[in-house]
Structure formats: C-alpha cells, structure tokens
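These are the residues of each chain, in order.
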Amino acid sequence: MGAEIEAERNAVWSALADPAQIARWRPGVLSIGSPEASFPTEGRRFRWNCRLNEIPLVLVETPSRVIPAARLESEIGLG
C-alpha cells in the first residue's frame, strides 16, 4: 500500500515514525505496546495496542526497510 501526501516531508515522517504521532494518525491505534524508544528499526518487532470497534487487539509491526524521512516499509500482522 502506498500514498502520496501533500505535506512537508518531515511532518509525514513524524506521523509515520514517532510513536506519539502514530497513535494520533493511525486509525484504531491507541498506543505502542513495546518497545517505544527505537521505533522504527529494521528487523525489530514492535507491538501496538489497538481497538477494532470494541475489540482490543495487538498489531505487530516489523519494519523491513527504513530510510529516515523518505521510506518506511513494514510487515504487519494482528495478534
């Protein structure tokens, strides 16, 4: 999935890579479960606390390609 967004590159990167911003911009994401300090790091698994309607769930994200302020590719699964 990809998207073109008309905004400053650093603002978009912040929305994709700053855990505080991710909870604000990703639908259903409430907070990062673990670990926060190193997101995004290639090959490292991160857990997000989410809600789908009234169902709490965990979204597992593993960044596979990280080019700061340019590209973030991740494998995502629900658990």
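For the structure, see preceding data.
Residue numbers run consecutively from 1 along every chain, following the written order of its sequence. In keeping with the model being predicted, local features are shown solely for residues with a pLDDT of at least 70 and side-chain atom pairs are shown and tallied solely at 80 or more, while totals for entire chains, interfaces and linings include all residues. Based on all heavy atoms of the structure, the side-chain values leave hydrogens and waters out of the count.

### Focus: the nonpolar core
Here's step 1: Counting nine residues, the largest nonpolar core consists of Ile-22, Val-29, Ile-32, Phe-39, Phe-46, Trp-48, Cys-50, Leu-57 and Leu-59.
Here's step 2: Counting residues per element, the ones that place at least two in this core are strand E1 (29-34), strand E2 (46-52) and strand E3 (55-67).
Here's step 3: Strands here are runs of E lasting at least two residues and helices are runs of H or I lasting at least four, both read from the DSSP assignment and numbered beginning at the N terminus. Ranked by residue count, the leading element in this core is E2, at three residues. Think of a nonpolar core as a cluster: buried Ala, Val, Leu, Ile, Met, Phe, Trp, Tyr and Cys residues, connected wherever their side-chain atoms sit within 4.5 Å. Working definition: with a 1.4 Å probe on protein chains only, accessible area under 20% of the residue-type maximum means buried, over 50% means exposed, and in between means partly exposed.

### Considering the pattern of salt bridges
Here's step 1: Take a side-chain nitrogen of Lys or Arg and a carboxyl oxygen of Asp or Glu: if they are within 4 Å of each other, that pair is a salt bridge. Tallied over the full model, the rule gives three salt bridges.
Here's step 2: Put simply, Glu-73 and Arg-65 hold a salt bridge, and the shortest N to O gap is 3.4 Å.
Here's step 3: Taking relative accessible area as the criterion, Glu-73 reaches 29% and is therefore assigned partly exposed.
Here's step 4: In this structure, Glu-73 and Arg-71 form a salt bridge, with 3.2 Å as the shortest nitrogen-oxygen distance.
Here's step 5: By sharing partners, the salt bridges in this structure join Arg-65, Arg-71 and Glu-73 into a single network.

### Side note on the sheet that holds E2
Here's step 1: Spatially, four strands are ordered E1-E2-E3-E4 in an open sheet, and the strand pairing comes out antiparallel. Single-partner strands in this sheet number two, and they are E1 and strand E4 (71-78). With strand direction ignored, the average angle separating the axes of adjacent strands in the sheet is 35 degrees. Think of it this way: DSSP has to see at least two bridges between two strands before they count as a pair. All axes are obtained by fitting lines to C-alpha atoms, using only the stretch in contact for helices, and the reported angles, taken between N-to-C directions, cover 0 to 180 degrees.

### Section: the pairing of E2
Here's step 1: Two elements, E1 and E2, share four bridges in a ladder whose sense is antiparallel. When the bridges of E2 are listed, Ser-31 appears paired with Asn-49.
Here's step 2: In this structure, E2 lies alongside E3, joined through seven bridges in antiparallel fashion. Paired with Leu-52 across the strands is Ile-55, a residue of E3.
Here's step 3: The loop that links E2 with its antiparallel partner E3 comprises two residues; one of these, Asn-53, has a positive phi angle of about 55 degrees.

Limitation: the analysis is restricted to geometry and does not speak to function.
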